[in-house]
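Given next are the chains, with one letter for each unit.
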Amino acid sequence: MSDPSADMPAAVRNTQVDRSLPFSDVQDFDDVDRGFIAALEPGIVRNTDGHVVWDSDSYAFLDDDCPPTVNPSLWRQSRLCARQGLFEVTERIYQVRGLDLSNMTLVEGDTGVIVIDPLISAETAAAGLALYQAHRGDRPVTAVIYTHSHIDHFGGVKGVTMVEDVAAGRCPVLAPAGFVEHAVAENVYAGTAMGRRAAYMYGAALPRGPRGAVGAGLGPTTSTGTPTLIAPTIDIEHTGQTETVDGVEIEFQMTPGTEAPAEMNFYFPQLRALCMAENATHTLHNLLTLRGALVRDPHVWSQYLTESINRFAYRSDVLFASHHWPTWDTERLTEYLSLQRDLYGYLHDQTLRAINKGATGIEIAESIELPPAIEKVWHTRGYYGSVSHNVKAVYQRYMGWFDGNPAHLWEHPPVESAKRHIEFMGGADQVLEKARRSFEDGDFRWVAQVLNYVIFADPDNAQAKALQADALERLGFGSENGTWRNFFLMGAYELRHGAIGTPTVTAAPDIVGALSIEQLFDALALRVDGPRAWSTTLTIDWNLTDENIVHRTQLRNGLLVHFDTDGSLPAPDTTITLTRSLLVAVLLGGADPTPLVADGSITVDGVDGVLATLVSVLDEPDPDFAIVTP
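Residues numbered from 1 in each chain as written. Predicted model: local features only at pLDDT ≥ 70, side-chain atom pairs only at ≥ 80, totals over all residues. Heavy atoms only, no water.

Right, let's talk about the overall build of the protein chain for a bit. Within the protein chain one finds 23 helices and 21 strands. A globule of 630 residues ought to have a C-alpha radius of gyration of about 25 Å, and the protein chain, at 26 Å, matches this closely. With respect to the principal axes defined by its C-alpha atoms, the protein chain has extents near 75 × 75 × 50 Å. The burial tally for the protein chain puts 54% of its 630 residues in the buried class. Of the contacts made within the protein chain by residues no fewer than 6 positions apart, 73% connect residues no fewer than 24 positions apart. Carbon and sulfur atoms provide 52% of the accessible area of the protein chain, an area that totals close to 25800 Å². (Helix = DSSP H or I, 4+ residues; strand = E, 2+ residues; numbered from the N terminus. Rg over C-alpha atoms; globule rule 2.2 N^0.38 Å. Buried < 20%, exposed > 50% of the residue type's maximum accessible area, 1.4 Å probe, protein only. Contact = heavy atoms within 4.5 Å. Areas by Shrake-Rupley, 256 points an atom, 1.4 Å probe, with all protein chains shown as cover.)

Next up, the structure:
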């Protein structure tokens, strides 16, 4: 189970956690400090406008004793994650940690330095590189490696190299096959919804401190600088592929479908060092992240960890990853990988066993127990993923949203359901009174559930929102999982202060610019307002002058289909000639096409008004949609 003590009184909960976990084991604190060279002083990174995009100093409070408003286990993890600076991993390998959600690793080659995973923002990546160069010399960046397709592992690339150096071959960029497709799709297709929920997941509006944000379990939080992207120049396509980069030999292992749809581990035989990307970190990871994503496959994840053990472990003296701190010594790192493997494999197999006995995801999540050898190890604790929501993810992967009970097949939507619940319960006043008693009894999970009905039935009920905020806050204070804490506390924050919207930009210009033409029109199709477009039929050929292709779109029955055309099809209603950048600006960026047509930047041949008609049926995503209110 996840956070089984989250709704206990704070003193009882913290005492129970202290007694149940091995706090006397300080190996992680030794490891997190090993090889320390220097910290960024002060630990603040600003953008060109002077705005703070990263502040590691704001986590200094974690040096104090754990207060009753934080789970002691999460407090311990957050202290470890907040340790920032430049560290030596082994000879020629260095890490910058604590300057973003992820780590940036630097491997010294014959003529320069290879950068692995340049963080989220160009500003934090540049600060990390400068910290390294200040202590190791002004070595040029001679290659970049993206371990996988999540933005915290590529977004800062323009802080460590330039497009010109990549294009000239001075700085190759290596990534797993399929990297660009998955990197841009995740940030564009459902990017608005993911970004809004990510604000909850990382506690975007929460003040740093014992009653607010203490970390996300995987790292402190996400930076808010400029996300960038430079497309890879070398694709890693198969396990066993070997590349020599700036004199450094690297052996790769492909791991698609694990923590990311495009991901890879790799080994440095000359240095006896193993990079595990984000497939083995010091936490139970997500099988379905709370911000939303494709469900990951714990079965194949476990299998790839077995392959990593068999291919690399016995040859390695140190293991490092894209988050957290390294693990040294062959025996220790082999056991570490084995326990991580056992964790994902056990969750998969035991969830499937329970499914085949008729249990639902919620039921399994409340009853499953991990083996003691896994449960009592710090790096398997649910600081970022959790047993509870990972089990539900396994259920979703195999069984979908429906639990098989016909009573759940066609339930009322939230608002209508809430109104009926409140009526059956005797009205909002009676529910509030009973909820107050449950709150005093410490049953915060139940309070949150029943008050959600009141709020969705009566969004202006100030008493319900105030008590709900208190209940969510108590649940957050008890959570061992960093992202659960942030979700609960963000819910309380928005109930008290109103919605904060989405503070991060998912579809950044570099990411949108990396969309293939097929992906670009896929993204456009997702914005067609179906009912508004039911009666609209049109065909447009898009002549992209800078890519020398013609792509056809057809709109009918509220569906936009698209495909390349070679001129052999019947003539379109209209042919629009323009560059790719103008296509993005008009169709996804909201630019007014009228002046662009008037000045000749866009030429239109055929039926007048077709472009305007298409634009008129496009919908805008809402980055401020409600979460804790209807």
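Next, the rest of the story.
A separate point is the sheet that holds strand β18 (residues 549–556). Taken together, five strands build an open sheet; the order of strands is β19-β18-β17-β20-β21 and the sheet is mixed. With partners counted over all chains shown, the strands left at the sheet margins are β19 (559–564) and β21 (603–606), one partner each. When the angles between neighbouring strand axes are averaged without regard to direction, this sheet yields 20°. Contacts from helix α19 (residues 517–525) reach β17 (538–544), β18 and β19, with the element oriented near 170° to β19. In the packing of helix α21 (residues 580–587) onto the sheet, the strands contacted are β17 and β20 (574–578), and the crossing angle to β17 comes to about 140°. (Pairing = 2+ DSSP bridges. Axes fitted to C-alpha atoms, helices over the stretch in contact; angles between N-to-C directions.)

Bringing the sheet that holds strand β9 (residues 173–176) into the picture now. The strand order β1-β4-β5-β6-β7-β8-β9-β10 describes an open sheet built from eight strands, whose pairing is mixed. What marks the edges here is a single partner per strand, and that holds for β1 (36–38) and β10 (234–236). Sheet twist, expressed as the average angle between the axes of neighbouring strands with direction ignored, equals 25°. Strand contacts of helix α4 (residues 122–136): β1, β4 (85–90), β5 (93–97), β6 (104–108), β7 (113–116) and β8 (141–145), with the helix running at about 35° to β6, the strand carrying the most contacts.

Before going further, it helps to spend a moment on empty space enclosed by the protein. If a probe the size of a water molecule is rolled over the atoms, the empty space left behind becomes visible. Under the definition given, this model contains one cavity of 30 Å³ or more. In this structure, the largest cavity encloses a volume near 90 Å³. Surrounding the largest cavity, 16 residues form its lining, C81, R97, G98, N103 and H324 being those nearest its centre. Here the residues of the lining of the largest cavity sort into seven nonpolar, six polar and three charged. (1 Å grid on protein atoms, 1.4 Å probe; cavity = no way out; pocket = protein on both sides within 12 Å on 5 of 7 lines; lining within 4 Å. Points joined across faces, edges and corners; volume = space filled by probe spheres on them. Nonpolar A, V, L, I, M, F, W, Y, C, P; charged D, E, K, R; others polar.)

Before going further, it helps to examine the side chain of T351. Note that T351 resides in helix α9 (residues 330–355). Among residues more than four places away in sequence, those in contact with T351 are Y346, I364, I368, V391, V394 and Y395.

Moving on, we get to the state of the cysteines. Scanning all chains against the criterion turns up zero disulfides. Looking at the unpaired C81, the closest cysteine sulfur is the one in C66, lying at 15 Å. (Disulfide = S-S within 2.5 Å.)

Next up on the list: unusual backbone geometry. Here the residue pair E41 and P42 is connected by a cis peptide bond, since its omega of -10° sits within 30 degrees of zero. Along the chain, P42 turns up in the loop between β1 and β2 (44–46). Positive phi, normally seen in glycine, also occurs at D246, with a value near 50°.

A contiguous nonpolar surface patch, about 510 Å² in accessible area, is contributed by W401, L409 and W410. The residue W401 is located in the loop between α12 (387–399) and α13 (414–424) in this model. Note on W401: relative accessible area 64%, which makes it exposed. (Patch = residues over 30% accessible without salt bridge, like charges linked within 9 Å, V, L, I, M, F, W, Y side chains within 5 Å. Salt bridge = Lys/Arg side-chain N within 4 Å of Asp/Glu carboxyl O.)

This part covers the pairing of β4. Every regular strand shows the same layout, with side chains that alternate between the two sheet faces. Pairing between β1 and β4: two bridges, direction antiparallel. Bridge pairing links A38 to L86 in β4. Bridge count between β4 and β5: five bridges; the pairing is antiparallel. When the bridges of β5 are listed, F87 appears paired with Q95. Counted between consecutive antiparallel strands, the loop separating β4 from β5 contains two residues, among which R92 sits at a positive phi close to 80°.

Tracing the backbone through its elements, the reader meets S367 in helix α10 (residues 361–367). Once the C-alpha coordinates of S367 and L472 are considered, the two residues, 105 residues apart in sequence, prove to be 23 Å apart. Side-chain polar atoms of S367 contact the backbone oxygen of E363, separated by 3.1 Å. (Polar contact = N/O pair within 3.5 Å; in protein donor to acceptor, adjacent residues only side chain to side chain.)

Helix-helix packing: each pair is described by the crossing angle between the helix axes and the interaxial distance. At a minimum axis separation of 8 Å, helix α16 (residues 462–478) and helix α17 (residues 482–497) run at an interaxial angle of 160°. Classified by the angle their axes make, α16 and α17 are roughly antiparallel. The element α16 and its partner α17 pack so that their crossing is left-handed. Touching K465, Q468, A469, D470, L472, E473, L475, G476 and F477 of α16 are R485, F488, L489, G491, A492, L495 and R496, all from α17. For the contact of α16 with α17, the per-class residue count stands at eight nonpolar, three polar and five charged. (Parallel < 35°, antiparallel > 145°, perpendicular 65-115°, else oblique. Left-handed = near helix turned anticlockwise from the far one by under 90°.)

When the charged atoms of two side chains lie near each other, side chains of opposite charge can form a pair. A full pass over the atoms with the stated rule returns 28 salt bridges. Across the salt bridge formed by R196 and E494, the nearest N and O atoms sit 2.9 Å from each other. Of this pair, R196 sits in helix α7 (residues 191–201) while E494 sits in helix α17, and the two are 298 residues apart along the sequence. Exposure class is identical for R196 and E494. Each is buried. Taken together, the shared-partner salt bridges connect R211, D470, E473 and R496 into one network.

For the rest of this paragraph, the subject is α16. For α16, spanning 17 residues, the distance from its first C-alpha to its last is 25 Å, which sits close to the expected 24 Å at 1.5 Å a residue. Among the residues of α16, those classed as buried are A464, L467, Q468, A469, A471, L472, E473, L475, G476, F477 and G478. You can read the cap of α16 off the contacts: a side-chain oxygen lies 3.3 Å from the backbone nitrogen of Q463, and it is on N461. (Expected span 1.5 Å × (residues − 1).)

Here we come to the packing of aromatic side chains. Applying the stated criterion to the full structure yields 18 aromatic pairs. Taking 5.1 Å as the distance between ring centres and 70° as the angle between the ring planes, the aromatic pair formed by F23 and W378 counts as edge-to-face. Of this pair, F23 sits in the loop between α1 (10–20) and α2 (27–33) while W378 is found in the loop between α11 (372–375) and α12, placing the two residues 355 residues apart along the sequence. Its relative accessible area of 29% is what places F23 among the partly exposed residues. Between the aromatic rings of W484 and F488, the centroid separation amounts to 6.4 Å while the plane-to-plane angle is 85°, which identifies the pairing as edge-to-face. Of the two residues, W484 and F488 are both situated in helix α17; the distance of four residues between them amounts to about one turn of the helix. Through pairs of rings, three or more aromatic residues link up here, namely F252, F266, F268 and F320. Lying across the ring of W378, R76 places its NZ or CZ 3.9 Å from the centre. Sitting above the plane of the F87 ring, R97 keeps its charged end 3.9 Å from the centroid. (Phe/Tyr/Trp six-rings, centres within 6.5 Å; stacked < 30°, edge-to-face > 60°. Lys NZ or Arg CZ within 6 Å of the ring centre and 35° of its normal.)

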